[in-house]
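# Inside the fold
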Amino acid sequence: MSIVINHLTFAYTQGGKPLAPTLKGLTFTIEEGSFLGIIGHTGSGKSTFVKHLNGLLSCEKGTVIVDGHDLSQKSERRTVRSLVGMVFQYPEYQLFAETVYEDVAFGPRNMKLDEAEIKTRVTNAMTMVGLDPERFSTRSPFELSGGERRRAAIAGVLAMQPKYLVLDEPMAGLDPLGRKEILSLLEKLRSESGCTIIMISHSMDDIANHATKVLVLEQGSVFLYDTPQIVFSNAEELQRIGLSVPSITKICIEMNRRGVAIPTSICTEDAFLHWFREGKAHA
Amino acid sequence: MRDITLGQYVAGNSVIHKLDPRTKIAMMILYIAMTFLVKDIWFLAIPFVYLVIELVLSGISLKYILNSLKPIRFLLILMFLLNLFFTKGENVWLDLGFWKLTDEAVLQSFFLSIRIVLLVAGASMLTLTTSPIALTDGLEKLLTPLKIFHFPAHELAMMMTIALRFVPTLMDESEKIRNAQMSRGADFESGNIFKRVKSMIPILIPLFVSSFRKADDLAIAMESRCYHGGDGRTRMHQLKFRKEDLFAILITLLFVAALIVILVLF
């Protein structure tokens, strides 16, 4: 199963009149089990695009089909919302309940699960994000630290056990340790429960290190959609649209300029070190 | 929810737009006084003519005035009917036994309805031609003399300005929170009224929390820029009372005087 996006076109309206389209005929497929990184300049349509994945916005032209559920059908949206989890920018601002437990249980409750199932899911989700259920369940979400609050909010989405997890800049405003924790949580989710991750990020390094596929959006169109190695070997094109390449790739490009024949498709530290040890690129 | 616009200011470059906000507030108060002084339907023609002149000079399309009347249409109809049914009179037009339609009732109904329409239309003329910021500036200046009685004129105007500035921000914020809760399966559209009100809690609480946070941040940002209230504060846009303002006030006073003369004579 997969998410199939076909000629997705969307324009916001202002005062009843449509504005210039934000998304212009996107067509591609997100395979199950992949880790998709979405990059693009501010205003390229990244956030608008992900809102189509669970029907928060609905397109007039084109289709989005999640595991066979066509999102243009209004009746399918509720089903899809439990399949596609959505973590927005600064998700901690959506916390509202009296206790962390109740907040994490909000999603599962809306799915009309029974209490026992809700309890297992909440406990699992809290453990997953590193919030000890014993210590945190009864605390108010508003007395947690910033990082803990963000993880509590993410647990609220994980408790719905989505097959696809969409995250809009999940690491914004976190310290290096917090960023690392979120990224390793995403890796764990993908390897343990086979969850497909779709992540918007401005950090080329994070995308290069974790994504299996990279989508580059430029003014509402697909600019590139390929593996990180191929996408980041287009340094000049990326720079032209206001993006950049991972720092390790920058080093490779500079080394090349100075006469070292290192492939410029290297975009992770591992591949870089591997090249030095083996004297050849790690595909 | 995205399309709500607060205040209905229509930017323009007309004589009316350029008047000092204080002048326009004074004009509106005098205009309201005029409509209340009138006790006879035919004399409403005087404030009506005044309004038409103002409308033509401002270059505002009649559509905006009609739009401002939309929210009160039910009130208008209700008031018209109540007066039609309950005003007692002698000149009977139609007798249905339990209720008599009289000359006086018809006149009274029209009189009160037209007066309300004139009041609301006149008040909208002020907000249509004056930006909310100019309006609070003008209000602050007008209320400044009350400071002798410890009336917080500056603080009040600052609060109004901040409140206006945060309306779009909070709209945006509530839309974001709504999207997030909808993604967690929240349902805001079905169920009876109690269920729907209860379903707003997951939006309202985060919204309150974020308003407090924003207020806190703003207070710190203002203090960092040495804000210490209105004392000794200068402004970038000085309000200036010009020739045109004097002229506008004089014309308005002329209308008021004319009305009083007519009322005394007839």
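Residues numbered from 1 in each chain as written. Chains lettered and ligands numbered in written order. Predicted model: local features only at pLDDT ≥ 70, side-chain atom pairs only at ≥ 80, totals over all residues.

## Focus on the environment of B:Gln8
Residue and element names in this part refer to chain B. The following threshold applies: By definition, any uninterrupted DSSP run of H or I lasting at least four residues is a helix, any uninterrupted run of E lasting at least two residues is a strand, and each is numbered from the N terminus. Each residue is classified by how many other C-beta atoms fall within 10 Å of its C-beta atom, where C-beta atoms are placed from the backbone; a count of 20 or more means buried, 12 or fewer means exposed, and values in between mean partly exposed. We call two residues in contact when their backbone-placed C-beta atoms lie within 7 Å.
You can see Gln 8 is positioned in the segment before helix 1 (15–18). For Gln 8, a count of 13 C-beta atoms within 10 Å translates into the label partly exposed. Separated by 95 residues in the primary sequence, Gln 8 and Asp 103 have C-alpha atoms spaced 39 Å apart. Leave out the neighbours within four places in its chain, and Gln 8 touches Tyr 64, Ser 68, Ser 124, Thr 127 and Leu 128.

## Some thoughts on the nonpolar core
The nonpolar side chains of a soluble globular protein tend to be buried with one another. Rules: Residues of type Ala, Val, Leu, Ile, Met, Phe, Trp, Tyr and Cys that are buried and joined through C-beta atoms within 7 Å form what is called a nonpolar core.
Of all hydrophobic cores here, the largest spans 81 residues; its most connected members are A:Val104, A:Ala155, A:Val166, A:Ile197 and A:Ile198. Among residues more than four places away in sequence, those in contact with A:Ile198 are A:Ile30, A:Leu36, A:Ile38, A:Val50, A:Tyr164 and A:Val166. Counting residues in hydrophobic clusters, the runner-up holds 9 residues, among them B:Ile16, B:Leu19, B:Tyr31 and B:Tyr50.

## Details of the interface of chain B and chain A
Cut-off, in case you're wondering: As a working rule, the residues Ala, Val, Leu, Ile, Met, Phe, Trp, Tyr, Cys and Pro are called nonpolar, Asp, Glu, Lys and Arg charged, and the rest polar, with Gly in that last group.
In this assembly, 18 residues from chain B lie in contact with 21 residues from chain A. Taken together, the elements giving at least two residues each to the side of chain B that touches chain A come down to helix 8 (153–183) and helix 10 (201–224) of chain B. When grouped by side-chain class, the residues that make up the side of chain B that touches chain A number 9 nonpolar, 5 polar and 4 charged.

## Points about the domain arrangement of chain B
Convention followed: Domain ranges listed in this record stem from an automatic or a database domain assignment.
In terms of domains, chain B is made up of domain 1 (15–130 + 239–265) and domain 2 (152–224). Distance from the C-alpha centre of domain 1 of chain B to the C-alpha centre of domain 2 of chain B: 37 Å.

## Quick word on the sheet that holds strand 11 (residues 213–218) of chain A
Residues and elements named next belong to chain A. For clarity, the threshold we go by: Note: two strands are recorded as paired if DSSP finds a minimum of 2 bridges between them. For helices, the fitted line uses only the C-alpha atoms of the stretch in contact; every axis is such a line through C-alpha atoms, and the angle between N-to-C directions lies from 0 to 180 degrees.
Taken together, the 6 strands give an open sheet; going across it, the order is 8-9-10-5-11-12, and neighbouring strands pair in mixed fashion. Taken across any chain shown, the strands that pair with only one partner, and hence form the sheet edges, are strand 8 (84–87) and strand 12 (221–226). Geometrically, the sheet is characterised by an average inter-axis angle of 15° between neighbouring strands, direction not taken into account. Summarising the sheet, strand 5 (residues 35–40) and strand 11 pair through 5 bridges and their orientation is parallel. When the sheet's bridge partners are listed, Leu 36 is paired in strand 11 with Lys 213.

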